[in-house]
Amino acid sequence: MVELIINGTVRQLDAATLTEVVEQLGLNNRPIIAEINGEVVLSEHWQQTEVADGMKIEFVHFVGGG
Amino acid sequence: MTNTLTQEGHRERYSRQILFQPIGTEGQKKLLQSAVCIVGMGALGTVLASHMVRAGVGHVRIVDRDYVEMSNLQRQMLYDEQDAAESLPKVIAAKRKLQKINSSVFVEELFADLTPSNIDSALEGIDLVLDGTDNFQTRFLLNDGCYRANIPFVYGGAVSSRGISAIFVPGKTPCLRCLVPEADSGGETCDTVGVISPVVDIVASYQAIEAIKWLVGDIEAQRTSVLSFDLWHHRIHELKQTPARVDCPCCGLKLYPALHQDEKLVLSLCGRESIQISGHAPFDLQEWANKLEATAKSIKVNPYLIRIELLEHVRLVLFEDGRVLVQGTDDPARARTLYDRYIGS
């Protein structure tokens, strides 16, 4: 288990990489950008990006309604 | 152009924004000579059009394929009960209101679905494009069309209590494709999870202000971040601008994929009052049944399909292989609208 701050909310997830976080939140194939501690992590690097306790992750959702 | 500040009443009409220093007399003259295109005249589009027309943008082109319904009135600020009762095309109802607001600007309507075949004429003579669309397929088309024609494109999106906006300027900023790959809205549309009116007003106002800065030429003041927020939970986030991607199919490789592909979704008539739309990835039927439950009058699921009775006297049938049948209409544009509403593209 890892404790992450995701979009301002503390979440405990069983995830080792950013890809696993995205999967567990049900965000696969959604138009989103991920930021860790204020830095953008491109989607091609999610698999290699390990997550650790206390990381601040922000998912920016490109919402489609209008 | 006859629309200049010397025209009678113009100094008075625009006096408050002329007093605002960064616009001033020079900025107002530029606005009067400018042309913008607003694609989508729903919630965002009506707020955008109101801002542009009131500000005196000389030529406002509005594009939409849909007509006014009762469920629009909660947030689509140019329409009223009469428009819904008459099922008026949105561009017609909007034009009437806009011309009452400011009869001295040229409001030009295009009652059509934006496609690769009509996008060039929709963008002709336009200085800036404002996004009022409700789906990503049209947004990527706009993104590619604008970048090829070297026109700034102001993105906006709203759903639930969340909103986002950014200005994309060819040659200066990354484009929408640099930030997110082509995707759909994952079933999260205003018609499945709802939307509240203040979010729409704020997103469209953020779009409008970047448009006005661009049109008056105050490039220094231009915001380059992607601004997103959740109004209900009061969270605001600014994503700083990332560099344009050299391998971006739009602004890097200049391939503009959306302009060359046939529409991804293929519509075909299937008997009386039934239109099939194919092109979606396979559906997880149980997941979609859960998603659509709240908005449906009734839902039936079997291992092969979901049948959803909607409030608008139409049915959607979702098949496991990604096909959707829209039943209860013979009108392809209407079928496409319902598809975008409930499935999202």
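This is a predicted model, so every value here is computed, not measured.

**Observations concerning the sheet that holds strand 6 (residues 162–168) of chain B**
Residue and element names in this part refer to chain B. Ordered in space as 3-2-1-4-5-6-7-8, the 8 strands form an open sheet in which the pairing is mixed. Whereas interior strands pair on both sides, the edge strands pair on one side only; in this sheet they are strand 3 (106–111) and strand 8 (235–239). Recorded for the sheet is a direction-independent mean angle of 15° between the axes of neighbouring strands. The pairing of strand 1 (residues 35–39) with strand 2 (residues 59–64) spans 5 bridges and is classified as parallel. Bridge pairing in strand 2 links Ala35 to His59. Across the face of the sheet, helix 4 (residues 43–55) comes into contact with strand 1, strand 2, strand 3, strand 4 (128–131) and strand 5 (153–159) while running at roughly 170° to strand 2.

**Description of the domain arrangement of chain B**
Residue and element names in this part refer to chain B. As far as domains go, chain B holds domain 1 (34–260) and domain 2 (266–342). Taken together, the contact pairs 9 residues of domain 1 with 10 residues of domain 2. Considered class by class, the residues forming the side of domain 1 that touches domain 2 number no nonpolar, 4 polar and 5 charged.

**Examining the pairing of strand 14 (residues 324–327) of chain B**
Residues and elements named next belong to chain B. As paired strands, strand 10 (residues 274–278) and strand 14 are joined by 4 bridges and run antiparallel to one another. The residue bridging Ile277 from the neighbouring strand is Val324, located in strand 14. As paired strands, strand 13 (residues 315–319) and strand 14 are joined by 4 bridges and run antiparallel to one another. Each residue of the ladder has a partner; that of Leu318, found in strand 14, is Val324. Hairpin connection between strand 13 and strand 14: a loop of 4 residues separates the two successive antiparallel strands, and Gly322 in this loop has a positive phi of roughly 105°.

About the criteria used
Note on numbering: residues in each chain are counted from 1, in written sequence order. For this description, chains carry letters from A and ligands carry numbers from 1, given in the order in which they are written. Only residues with pLDDT of at least 70 are given local features in this predicted model, and only at 80 or more are side-chain atom pairs given and counted; all residues enter the totals for whole chains, interfaces and linings. The pairing criterion is simple: DSSP has to find at least two bridges between the two strands. Secondary structure follows DSSP: runs of H or I at least 4 residues long count as helices, runs of E at least 2 residues long count as strands, and numbering of each begins at the N terminus. What counts as an axis is a line fitted to C-alpha atoms, over the stretch in contact for a helix, and the angles between N-to-C directions run from 0 to 180 degrees. C-beta atoms are placed from the backbone for every residue, and two residues are taken to be in contact when these atoms lie within 7 Å. Domain delimitation follows an automatic or database domain assignment. Side-chain classes are defined by residue name, with Ala, Val, Leu, Ile, Met, Phe, Trp, Tyr, Cys and Pro counting as nonpolar, Asp, Glu, Lys and Arg as charged, and the others, Gly among them, as polar.

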